[in-house]
Structure formats: C-alpha cells, structure tokens
Amino acid sequence: MIKNFRFAAQHPAYFKAFLATGIALSALMSSPLLAQTSNPADEKAESGDIIVTAQRRSESIERTPVAVAVIGGEELANQAIVSEADLQIATPGLTVKAGQSSNQLNYSIRGQTVDAFTSSRPSVLPYFNEVQVGSVGASSFYDLDSVQVLKGPQGTLFGRNSTGGAVLFTSAKPTNEFEGYASVRYGNYSHLQGEGAINIPLVEDTLLLRVAGFLQRRDGFQFNLYNQERVGDVKRENIRGSLTFRLSDALENNLVVAYGHTGGGSTTGVIRDVNPNPAASFVPAALLYSPNLDAAFSFPGAWAAYLALNPKADPLGLAGAAAKQNARGPYIVDQDGANFIRAKSVTISNITTFDIGADTQIKNIIGYVWQRSLESGEFDGSNVTIDSNGVEGQNNNDIGRGGTLKQFSEELQLNGKTFDNKLTYVVGVYFSDESDNSRSLSKIVCLEPLIPCTDQYNSGRRTNKTYAGYGQGTLDLSDIVGLQGLSFTAGARYSSEKVTFEHTRDDFFITNPRPEYVVGPQSRTFKKFSWQLGLEEQVNDNLLIYFKARKSFRSGGFNFYAPPLAGLGNDAGAEYLPETAQDYELGIKFRGDLGTMPTRLNLAAYSMKIDDIQRANYVSINGSLAGLTVNVPKSKVDGFEIDGSISPASWLNLGGSLNYTKARFTDGRVQVFANPLVNFGPYPDTPKWNASVYADITVPISDSIDASLRGDVYHQTKSYFGSTNNTINPFTDIEGYTLTNFRLAVENKEVGWSLAGIVKNAFKKTYYVGGLAFYSLFSLNTVVPGEPRTFLVEAKYRF
C-alpha cells in the first residue's frame, strides 16, 4: 500500500497545491460565506445534481472519486453536438483526432491515443448502454441521456481494459408518460438535420416504449478541382427502439436496438509537407513524381509520358502540387483518389436487473454489435498517383473504420451493500467473442508507363475471445478510524484475451509468399491482472477529497498490414505486446454556494507511467516495405485538470476548464532489423494546454417565453499527429487554435416550442485535427482540416 502512495513524495508540488486547496475549501465550508446544501442525492430535482455511472452505480458526480466529465442530453442538443468531432469543445481534457480523413477518428485522453494502421484497440474505448462497441468512428448522437468521459486507466469495472479512459453513451430511457419531441435544423452547406422521439407507455408502469430517429444531409466542406465535385458529403440515417419491461417491482428488463446507415464521403487529408531528400524516404516520391524523373532513370521523355497518361497531374510534380495546395488552403483540393463511404451498423443492448434484497441487485448485460462498411480515400492528398484506395476502397476496422465486425458480449454482475451498509461492492464476470473480416486495397506508385501500378490487397480475419472476472468494493472507515467520511476502495480484475489473426484470400503476403512467412493463423493468449486502490474523504456534503492508484493494460495482437513473420514487431514480426499503464490521481470535488452563488469545482492532478506503448513504425524488411506495430519501451504523462461553473445570478451561468498535460517518451528507442534506430517523440495527439470558457444567459421576455444566449470558446496549444516527429517524420506539428461558438434561442416551455440559431467556428478559423506522417514512407505528410464556419437554425417542438 505504501508503495502505491509514492505519488505524494515524487510530486510534492502537486501534493502541496492540492492539499492547500483542500484545506482552504474545508475552512471556507465552516465560514458564513458558504451555505452548505443538503445531500445531493436527496435534492436531484431541485439542485440539478448530475448523476454518473463511472463506478457502475448511479451516484452524484461530486461524490464520485474519479475524474469524469459529463454532458447531459439537453446540453448535447442545445450545442448541436451530433458526432464525435463535436465533443472536443464541450468536454474538458478530451481530444478527438483524425487520421487519413474525418471518418478515421480516435479519442485521446491524458496522452493516451492510438496510431493509424497499427491494428491496436484504442486506448480510450466507447460504450453504448454499458456495451463496448468496438472502436471510434464518425457516428450520430441523438436522443441521448448523457455522455460521460472517464479519464485514466480503466481496468477493474468495465467490459474491456483500457489505458486512457472510456466514453460512455447512454440513450434516453422510456418513461411512463406519453411524450416526445421533433426538431429540424437547416444551415449552410445545405445542411439538414431532423431528429425526433416518441415515448409510449404501452402498459402503464409495466411496458414502456421509446422510438427515436435522426437524419442528416450536408454538402462537403471541400471542393475537388480534379473532378469538379464536393468532397465529404454527409448522409446519415439512424433509428433506435427502446423497450422497458417491468415484470415486478424487483425485476426489470431494458432492451435497446439501434440501426445506423452512413453514406457520402469524408473530409480528406491534404498534402502539406514534401521531403526533398530522395535518400530519406522508402518511396522517393518527390523525385519520382517530378520533371527529374527523366534524369533519375536516364529515360528522356519519361515525365512527359506520365503526364500524357495523367493530364490532370501537376506538371511540376509532387512539390508543385503541395505548393499549390498550401496556397489554396485546405477546403479547395485537387486529388485523383476516390472518396466515398458506405456503412451500416446494428447495436443491441439488453440489461436485466433483479433486486434480490433491499440493497442487493443482480444485473445481466447482453451486447451485440454488427458493423459493415466500404470506403475509399486519398493517402497522398494530391493529384499525383502515389497511393490511394482506388475505386474498390477498403473495408477494415482499423481505428473504427467499418468493415465486417461481429461482437457478442455477456456480463453478469452482483452489486449491493453489506456490513450494515458500510461496504458497497460490485463483482462480476465478463465474456466477449469478436470477429473481424477485413479487406483493403492500396494502389501504390502508379507511374505508368515507366513503373506499373502495384495493387496491394491486405485481407485477413481477426478474432478475439475475452474472459474476465472482477470485483471492487468501497468500505466506510468512519467508525473504524474515527474520521467521519473516510472510505477505502479496492478493486481487481483478471483478464484473458485470445487473439488470432490469419491472412486470407488475395492478401499480398499470400500471393507473394516467402519461406519465412508463417503459414496459417497466428495466435496468442494475453493474461493480465489489473487493480485499483483509493482513499476518499467526504469532508462534508459539499467537499470530497480523494486519491487513486490504478493499473490497467491494452491487449496485444497482430498487425493486419504486417507480413506474417513470427516474433514481435520490435524484431520485425507481426505481433505486438500489451501496453500497460499505472497512474496516481489526487482530486478535489466541491459543490456548494459561494455566498449566494451556486458553484461547482473539480480539480485533479495525476502522474502516469506507460510501458510498451503500441506505435506504428514503417520499415524495410528483405527489401519490401512493412508497416509494423512496435512497443516503445517507456513513457510518462503528468498533468492537472480544473473545471467548474458558477451562477452569479439566476439568469447567468459561467464556467470553464483548464487542462495541462506533460507527455513524453522516457525511453523511445526502437530499432527493427537492419533499419536505423528510431527515437520516438514527441508524444502525439496531446496539446500541452487546452482550455474552454462559456457564458449562458437566460432572461424572460414574457410570462411564458425565455430568451437565452450562450457563447463557448475553446483553445488548445500546438500538438503533433506523428510520434516520430523528432527523427524520421518531421513537420507533423499542428498549430494551436481557438474556436468560438454561439447559440441564440427563444423557448416557450409551457407550449413546448423553441427556435434557435447556432454558429460554430464563428470567426472562420482554419485549423487541423490530425493527419498522416508519411514523410519517411512516401516523402510527404497530410493534414485533415477541421470544420469551417457553419450556421444552423433550429425549430423544436416538445409534446
């Protein structure tokens, strides 16, 4: 136990600052300045108490001893948050990054993220109604009760282990009232959104039905000069049915079935940087795709012959295409690759609860996920034919990008209280069976008539079977140690994951075999133990101080794109090891009245060490290019997070957040085979600072009509989308940016109607949300732009 509390000694500045803050808040609590409120759980309706399920039980966010951010359903709707990309500005400490395009997304929390094309499971996992739903991908948010963002390693309570956190989506449940709503939004880029829900009590208090739907159409933000078409059109249709069946006061079943369809295309990455040194790239594209091609191959007229077959290619080649793209800006592109996405998904969550005593409950959670997609996009971001998915596209699940994925999960829990309600506990078992059949086409170095195009197919099947058992309990120590409000938490989990991968059909490594390739499936079972320890002091009804120590992991596996070689990626093999993370977190949560002003304040400081970080590395093996997943030895992430709100008047609410993250590789050295030593760094997808502020004003303009104005400002400092920027892939930096959103609305709550106008990115900031670091691979980097300024008007009716 003492070993796990070394955080205070190793980080005295954090400890002293937070201890001083806790003492100051405790002192304030006893002064007349602060009027204490009663137990939040007893005043949910009156006090606006926020309920979260971060510990697999419903409790007030101020009494939850972990760092968690939550956005309620009404706030999601008011801010027009309808996809993952919208979450970042509204969620303290969450970064949403793009890879190849706007449909290749990933969450990043406290420096924990995932590289594109590693086949790694994300370090921040999404859940829908307690069912882990694969990876992150552009989707639709509608009729939700809340979105919760859990920060730090998750290893003792949730379906799968993760090293960065979890994002929990909870849909609105059926109620015992006949009610519903319908809303329509319309804006620039021919943007149309329609959303609605209807709640029907089929049998009062027994059988309750809710049906919700969402439709979205929008023209793309980019225009492609190559084919004179817009790029990134959005076409989404979603429907969800929820059925609550209360068989008795003690037995209840909640079934949710959701279907989604996505069409259109993606906001594409654009070329930004070109490597002029042909010796520094595996494919010297800046040389091959230029007028210097003639001299390079001693073939006069070679470049002219290429231009004759590709008349829309830039006559100055790759460097010329990059210069013109940078001059135009990211919303007017010139790209030869196809751009489309066609995706379908079905998600089922079935939760049964059975109260077997006043304080004891059995819960069973059955989950099913089916996803299928086909998409195509541009890798080189230009009008020269270096690399794209072609018209056949790709259907794979890497970083949440569709494919044919099937996942079944079963979780059985027992939770409750015992020992005169002194011990609150949850124990459970978890099983998941997942299969993923994927196929991807890359059209590489199409330089006819000199070099024929290489059509490289990657095709394979991945399976994962997971078994786990876990338990966690919180013991009230008040009577034992004589300190009122003190409790101790301990949790543990044992997981076994069997991962199997096999190259199939027309996979490049099957059609081009080598003696050293493994024939048949590659398989490995990863067994790991996770734990959590903590102390919590509920000083009074308004103030909580807590300390946590946790350890979790991200499972190992096999890279879909790597050659089927035995061994680890660090030794040129296809396999990669689990990534492990251990952190220490010290936090303070306060909710009360500052004078007469309702106030919330959350502070957390943390230190995390990560071993065997899973990262992408592109190397040469036996003269051929290989994309491997390597384990970078060690890294460390330290930081603090502050968020809060205050209401100086009944008509005014102010709030904001501030997050500092210091992430670095402490041992980033990796050398594969005979390739040069690579020293990984800096840490990708992790701005050192990000902050947000908001102001919300609501005033009555008549007895029944209110007018409201809300403004949000978000800022983040510079970050990097490549983890080898300091060595082989420079120029992966993304400059910091500031975004401002506004919402003006009028609402008649008595009648049920509202009208609103929403502006996002009000000051037309051009910014970037990710990219691909291919500087050492194809002599270039691409970047994905964020959304330009958009307008929406909204009409909504509740009944």
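Residues numbered from 1 in each chain as written. Predicted model: local features only at pLDDT ≥ 70, side-chain atom pairs only at ≥ 80, totals over all residues. Heavy atoms only, no water.

K.L.:
Residue-level account of the overall build of the chain, with values.
P.N.:
When helices and strands are tallied, the chain shows 12 helices and 46 strands. Its C-alpha atoms give the chain a radius of gyration of 27 Å, within 12% of the compact-globule value 28 Å for 799 residues. Oriented by its inertia axes, the alpha-carbon framework of the chain measures out at about 85 × 60 × 50 Å. Charged side chains in the chain number 71 positive and 79 negative. The centres of these two groups are separated by 4 Å. (Helix = DSSP H or I, 4+ residues; strand = E, 2+ residues; numbered from the N terminus. Rg over C-alpha atoms; globule rule 2.2 N^0.38 Å. Lys, Arg positive; Asp, Glu negative; His and termini not counted. Charge placed at Lys NZ, Arg CZ, Asp CG, Glu CD.)

K.L.:
Describe the nonpolar core, and please don't skip the residues or the numbers.
P.N.:
Counting 33 residues, the largest nonpolar core has Leu87, Leu94, Tyr107, Val147, Val167 and Phe169 as the members making the most contacts within it. In contact with Val167, not counting residues within four places along its chain, are Tyr107, Val124, Leu125, Pro126, Tyr127, Val147, Gln148 and Val149. In terms of nonpolar packing, the next biggest core, distinct from the first, is built from 32 residues, Ala286, Phe379, Ile444 and Tyr561 among them. (Core = buried A, V, L, I, M, F, W, Y, C linked by side-chain atoms within 4.5 Å. Buried < 20%, exposed > 50% of the residue type's maximum accessible area, 1.4 Å probe, protein only. Contact = heavy atoms within 4.5 Å.)

K.L.:
Quick rundown of the pattern of salt bridges? Include the residues and the values.
P.N.:
According to the stated counting rule, one finds 37 salt bridges in the structure shown. The residue Asp506 makes a salt bridge to Arg439 at a minimum N-O spacing of 2.5 Å. Residue Asp506 is located in the loop between β27 (486-503) and α11 (508-511), and its partner Arg439 is located in strand β25 (residues 423-444); the two are separated by 67 residues in the primary sequence. Its salt-bridge partner being Arg514, residue Glu516 comes within 2.7 Å of it at the nearest N-O pair. For Glu516, a relative accessible area of 33% gives the class partly exposed. (Salt bridge = Lys/Arg side-chain N within 4 Å of Asp/Glu carboxyl O.)

K.L.:
Which residues make up a nonpolar patch on the surface, and what values do they have?
P.N.:
Taken together, Phe178, Ile198, Val211, Ile239, Tyr259, Val751, Tyr797 and Phe799 make up a surface patch of nonpolar side chains, about 710 Å² in accessible area. Secondary-structure assignment places Tyr797 in strand β46 (residues 790-798). Classification of Tyr797 as partly exposed rests on a relative accessible area of 42%. (Patch = residues over 30% accessible without salt bridge, like charges linked within 9 Å, V, L, I, M, F, W, Y side chains within 5 Å. Areas by Shrake-Rupley, 256 points an atom, 1.4 Å probe, with all protein chains shown as cover.)

K.L.:
So what's going on with helix α9 (residues 317-328)? Which residues, and what values?
P.N.:
The first and last C-alpha atoms of α9 sit 17 Å apart over 12 residues, in line with the 16 Å expected at 1.5 Å per residue. Gly317, Leu318, Gly320, Ala321, Ala322 and Gln325 are the residues of α9 that are buried. Lining the buried residues of α9 we find β18 (270-274), α6 (285-288), α8 (302-309), β19 (332-333), α12 (775-778) and β45 (780-785). Taken from the residues just after α9, Gly329 is the one with a positive phi, measuring 90°. (Expected span 1.5 Å × (residues − 1).)

K.L.:
Help me get a handle on the side chain of Asn415, residues and values and all.
P.N.:
For Asn415, the location among the structural elements is in strand β24 (residues 404-418). In contact with Asn415, not counting residues within four places along its chain, are Asp359, Thr360, Gln361, Lys363, Tyr425 and Val426.

K.L.:
Which residues make up the pairing of strand β5 (residues 94-98), and what are the values?
P.N.:
The buried count for β5 comes to five of five residues, which makes it a mostly enclosed element. The alternating pattern of β5 places Leu94, Val96 and Ala98 on one face and Thr95 and Lys97 on the opposite face, and all of these are buried. Across five bridges, the pairing between β5 and strand β6 (residues 105-109) is antiparallel. When the sheet's bridge partners are listed, Thr95 is paired in β6 with Ser108. Taking the residues that link successive antiparallel strands as the turn, the β5-β6 hairpin has six residues. (Pairing = 2+ DSSP bridges.)

K.L.:
Talk me through the state of the cysteines; I want residue IDs and the actual numbers.
P.N.:
A full pass over the atoms with the stated rule returns one disulfide. Between the sulfur of Cys446 and that of Cys453 lies a disulfide, 2.0 Å long from S to S. Residue class for Cys446 comes out buried when judged on its relative accessible area of 10%. Residue classification places Cys453 among the partly exposed positions, given a relative accessible area of 22%. (Disulfide = S-S within 2.5 Å.)

K.L.:
Before we move on, could you go through the sheet that holds strand β8 (residues 131-132) and cite the residues and values that matter?
P.N.:
Spatially, the five strands line up as an open sheet ordered β4-β9-β10-β7-β8, and their pairing is mixed. The sheet is open, and its two edges are formed by β4 (68-72) and β8, each paired on a single side. Sheet topology places strand β7 (residues 124-128) next to β8; two bridges connect them, and they run antiparallel. Of the residues in β8, the one forming a bridge with Tyr127 is Gln132.

K.L.:
Tell me about the environment of Ala54, residues and numbers included.
P.N.:
With respect to the helices, strands and loops of the structure, Ala54 is situated in the loop between β2 (51-52) and β3 (59-60). Along the backbone, Ala54 and Val670 are 616 residues apart, and their C-alpha atoms lie at a distance of 37 Å. For Ala54, the residues in contact, after removing those within four places along its chain, are Thr64, Val66, Gln148, Leu150, Leu157 and Phe158.

K.L.:
Tell me about the environment of Lys344, and please be specific about residues and values.
P.N.:
As for its placement among the helices and strands, Lys344 is situated in strand β20 (residues 340-357). Spatially, the C-alpha atom of Lys344 lies 4.5 Å from that of His261, the residues being 83 residues apart in sequence.

K.L.:
Quick rundown of the sheet that holds strand β14 (residues 222-224)? Include the residues and the values.
P.N.:
With mixed pairing, three strands are arranged side by side in an open sheet as β15-β14-β19. A strand with exactly one partner marks an edge of an open sheet, and here the two such strands are β15 (229-231) and β19.

K.L.:
Can you explain empty space enclosed by the protein? Please cite residues and give values.
P.N.:
Applying the stated criterion to the full structure yields 12 cavities of 30 Å³ or more. Taken together, 50 residues line the second largest cavity, and the ones lying closest to its centre are Ser83, Ala85, Asp86, Phe221 and Glu787. The greatest single-element share of the lining of the second largest cavity, amounting to four residues, is contributed by helix α5 (residues 84-90). Its residues placed into classes, the lining of the second largest cavity shows 23 nonpolar, 19 polar and eight charged. (1 Å grid on protein atoms, 1.4 Å probe; cavity = no way out; pocket = protein on both sides within 12 Å on 5 of 7 lines; lining within 4 Å. Points joined across faces, edges and corners; volume = space filled by probe spheres on them. Nonpolar A, V, L, I, M, F, W, Y, C, P; charged D, E, K, R; others polar.)

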